[in-house]
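Listed below are the residues making up each chain.
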Amino acid sequence: MNRPALFLFPGIVFGIGLAVSGMTNPAKVIGFLDLFGQWDPSLACVMAGAIASFVVGNFLVRRRAAPVCGGKFTGGPAHNVDARVLVGSGVFGIGWGLVGFCPGPAITNLARLQAEVLGFVVAMAIGMLIAQRVLGADP
């Protein structure tokens, strides 16, 4: 099986999961972030499901001798929390809180062909390009 096809199924499952859970609706995300108003805990349930899925999947993957796509398993990412991580997380959080989109749901929402979604995704891509060029951030 070719490598791009291996990513197709999980991507479709991810998109369906976002849509079914309502996480493509920015109002749901903003409701989760509204701790002192009309708090909506549904995003916490989606996160719990994602964490549980990761734990099971990670357990199964670690039992394999080699990755499905070939090669070797590499070590995980560095666990250094530095100024870049803190600033980047803060900027991400501000953007997420202002509009209720994070990258996955924003890309999923492109299927709606709404101008504000397209504008957000374009602006997000521009921000990523600026970070790469100016800060040398990883793609």
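Residues numbered from 1 in each chain as written. Predicted model: local features only at pLDDT ≥ 70, side-chain atom pairs only at ≥ 80, totals over all residues. Heavy atoms only, no water.

1. Points about the pattern of salt bridges
If you walk through the whole model with that rule in mind, you get 1 salt bridge. A salt bridge links D40 to K28; the shortest N-O distance between them is 3.3 Å. Here D40, found in the loop between helix 2 (26-33) and helix 3 (42-62), pairs with K28, found in helix 2; they are 12 residues apart in sequence, far enough to count as distant. Taking relative accessible area as the criterion, K28 reaches 23% and is therefore assigned partly exposed. (Salt bridge = Lys/Arg side-chain N within 4 Å of Asp/Glu carboxyl O. Helix = DSSP H or I, 4+ residues; strand = E, 2+ residues; numbered from the N terminus. Buried < 20%, exposed > 50% of the residue type's maximum accessible area, 1.4 Å probe, protein only.)

2. Notes on the confidence of the model for the protein chain
Overall, the predicted model of the protein chain reaches an average pLDDT of 83, with 94% of residues at or above 70. By mean pLDDT, the top-scoring element of the protein chain is helix 3 (89), and the lowest-scoring one is helix 1 (residues 3-21) (82). (pLDDT = per-residue confidence, 0-100.)

3. Regarding the environment of F101
When you line up the elements, F101 lands in the loop between helix 4 (83-99) and helix 5 (103-109). Along the chain, F101 and M23 lie 78 residues apart, while their C-alpha atoms are 8.8 Å from each other. Each residue touching F101, except ones within four places of it in the same chain, is listed here: T24, P26, G95, W96, A106, N109, V117 and F120. (Contact = heavy atoms within 4.5 Å.)

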